[in-house]
Amino acid sequence: MQFICEDLCSYCHMSYVMKALCYGTKLIGGYYADRKPELAKRYAIASSRISGARATLRLIDDVPMIQYALEYGWGQNESDRVMALLGVTANLVDLIYYPVEKICWLAEHRIVDVHNYDYWDKVNTIFWVLSVYLNLMRTLRNFGLNQQKLNKLNEMQKPSIDDTVLRKHRLEVCSLVRLTLDFVHAVSYLPKGYLWGGKLSTLQVGAVGTLSSFLYLYQIFTKRNLNK
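From a predicted model like this one, the values you see are computed outputs, not experimental measurements.

A. Examining the overall build of the chain more closely. Helix and strand content of the chain: 7 helices and 0 strands. Along the chain, helices (α) and strands (β) appear in the sequence α-α-α-α-α-α-α when read from the amino end. By residue count, 38% of the 228 residues in the chain fall in the buried class. Counted over contacts in the chain with a minimum sequence separation of 6, partners at least 24 positions apart contribute 70%. Looking at the chain as shown, the accessible area adds up to about 14400 Å², and 60% of this sits on carbon and sulfur atoms.

B. Fine view of the side chain of Ser 213. Tracing the backbone through its elements, the reader meets Ser 213 in helix 7 (residues 202–227). Since its relative accessible area comes to 0%, Ser 213 is described here as buried. Engagement of the side chain of Ser 213 in a polar contact is seen with the backbone nitrogen of Ala 20, the distance being 3.4 Å. Discounting residues that sit within four places of it in the chain, Ser 213 has contacts with Tyr 16, Lys 19 and Ala 20.

C. Here's a closer look at the environment of Ile 45. The topology assignment puts Ile 45 in helix 2 (residues 37–57). By relative accessible area, Ile 45 is classed as partly exposed at 41%. A sequence separation of 20 residues divides Ile 45 from Thr 25, and the C-alpha atoms of the two residues are 9.0 Å apart.

D. Looking closely at helix 4 (residues 81–108). End to end, helix 4 covers 40 Å across 28 residues, agreeing with the expected 40 Å (1.5 Å per residue, within 8%). Two residues or fewer past helix 4, Arg 110 is found with a positive phi of approximately 60 degrees.

E. Just the packing of helix 3 (residues 62–72) against helix 4, in detail. Where helix 3 meets helix 4, the closest approach of the two axes is 10 Å, and the angle between their N-to-C directions is 155 degrees. In terms of their interaxial angle, helix 3 and helix 4 are classed as roughly antiparallel. By crossing handedness, the relation of helix 3 to helix 4 is classed as left-handed. Two secondary-structure elements touch here, helix 3 through Asp 62, Met 65, Ile 66, Tyr 68, Ala 69 and Tyr 72 and helix 4 through Met 83, Ala 84, Gly 87, Val 88, Asn 91, Asp 94, Leu 95, Tyr 98 and Lys 102. Residue classes in the contact of helix 3 with helix 4 are distributed as 10 nonpolar, 2 polar and 3 charged.

F. Structural view of unusual backbone geometry. The phi torsion at Asn 116 lies on the positive side, around 60 degrees, for a residue other than glycine. The phi dihedral of Leu 195 is positive, around 50 degrees, even though this residue is not glycine. Here Leu 195 lies in the loop between helix 6 (163–187) and helix 7.

G. Spotlight on the nonpolar core. Of all hydrophobic cores here, the largest spans 11 residues; its members are Met 65, Ala 69, Leu 86, Ala 90, Val 93, Tyr 97, Tyr 98, Val 100, Val 123, Phe 127 and Leu 134. Put simply, the parts of the chain that give this core at least two residues each are helix 3, helix 4 and helix 5 (117–155). At 6 residues, the largest contribution of residues to this core is made by helix 4. Aside from chain neighbours lying at most four places away, what touches Leu 86 is Leu 134, Met 137, Arg 138 and Arg 141.

H. The packing of aromatic side chains, seen in detail. Scanning the entire structure with this criterion turns up 7 aromatic pairs. With a centroid separation of 5.6 Å and 50 degrees between ring planes, the pair formed by Trp 128 and Tyr 189 is classed as tilted. One end of the pair, Trp 128, is in helix 5; the other, Tyr 189, is in the loop between helix 6 and helix 7, and 61 residues separate them in sequence. Ring centres of Phe 183 and Trp 196 lie 6.0 Å apart, and the angle between their planes is 85 degrees; this geometry places the pair in the edge-to-face category. Taken as a pair, Phe 183 in helix 6 and Trp 196 in the loop between helix 6 and helix 7 lie far apart in primary sequence, 13 residues in all. Between the NZ or CZ atom of Arg 35 and the centre of the ring of Tyr 31, over which it lies, the distance is 4.0 Å.

So, how was this worked out
- Residues numbered from 1 in each chain as written.
- Predicted model: local features only at pLDDT ≥ 70, side-chain atom pairs only at ≥ 80, totals over all residues.
- Heavy atoms only, no water.
- Helix = DSSP H or I, 4+ residues; strand = E, 2+ residues; numbered from the N terminus.
- Buried < 20%, exposed > 50% of the residue type's maximum accessible area, 1.4 Å probe, protein only.
- Contact = heavy atoms within 4.5 Å.
- Areas by Shrake-Rupley, 256 points an atom, 1.4 Å probe, with all protein chains shown as cover.
- Polar contact = N/O pair within 3.5 Å; in protein donor to acceptor, adjacent residues only side chain to side chain.
- Expected span 1.5 Å × (residues − 1).
- Axes fitted to C-alpha atoms, helices over the stretch in contact; angles between N-to-C directions.
- Parallel < 35°, antiparallel > 145°, perpendicular 65-115°, else oblique.
- Left-handed = near helix turned anticlockwise from the far one by under 90°.
- Nonpolar A, V, L, I, M, F, W, Y, C, P; charged D, E, K, R; others polar.
- Core = buried A, V, L, I, M, F, W, Y, C linked by side-chain atoms within 4.5 Å.
- Phe/Tyr/Trp six-rings, centres within 6.5 Å; stacked < 30°, edge-to-face > 60°.
- Lys NZ or Arg CZ within 6 Å of the ring centre and 35° of its normal.

The quantities given are spatial measurements derived from coordinates; they are silent on function.
Now the structure itself:
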């Protein structure tokens, strides 16, 4: 099981490479929408094809998600109750979100008949938004707790703070920015009338998705260097 999950994690990293390509092409397509419509159409098709491949890859996300939720338990290893509550709630939302997304995928490809597909698609987007929001709140809480620890060390005039700790803390800033971008992105897919749902242009969606993807890839390489 461990080897399977490690392989699936590598698929998750590959998914973000594909996400960067998907939204990079969407960004280019949005930029050329009024300038060169034919070229923009080609990039839009490429973006759509890559997006479809990413959606197919997400069909195998359940195994690592279930394993993570089981290992996480009730958050007994978290630093405080707020972190544990956010963690458990986020896991529950994800455990619901993943099957709903698969129902939408199966219905979209006409493998199963689903009545009122638009309803399921809306539910899927709502759980996506909730998942990103809860993970953003967890990261924000963790960042705040770590910042308090660093402030106390500075007040105690410690001779030096471990450089690795500082670098990990800076990575939390990247996570905050990335998850904020993901939240903006997810909400934009809500129906019109819900926050800024449907209000972002193709160019803006492409820019947000591309920047988020590159921040994630930057975090992967930085974490690998920290673990060496």
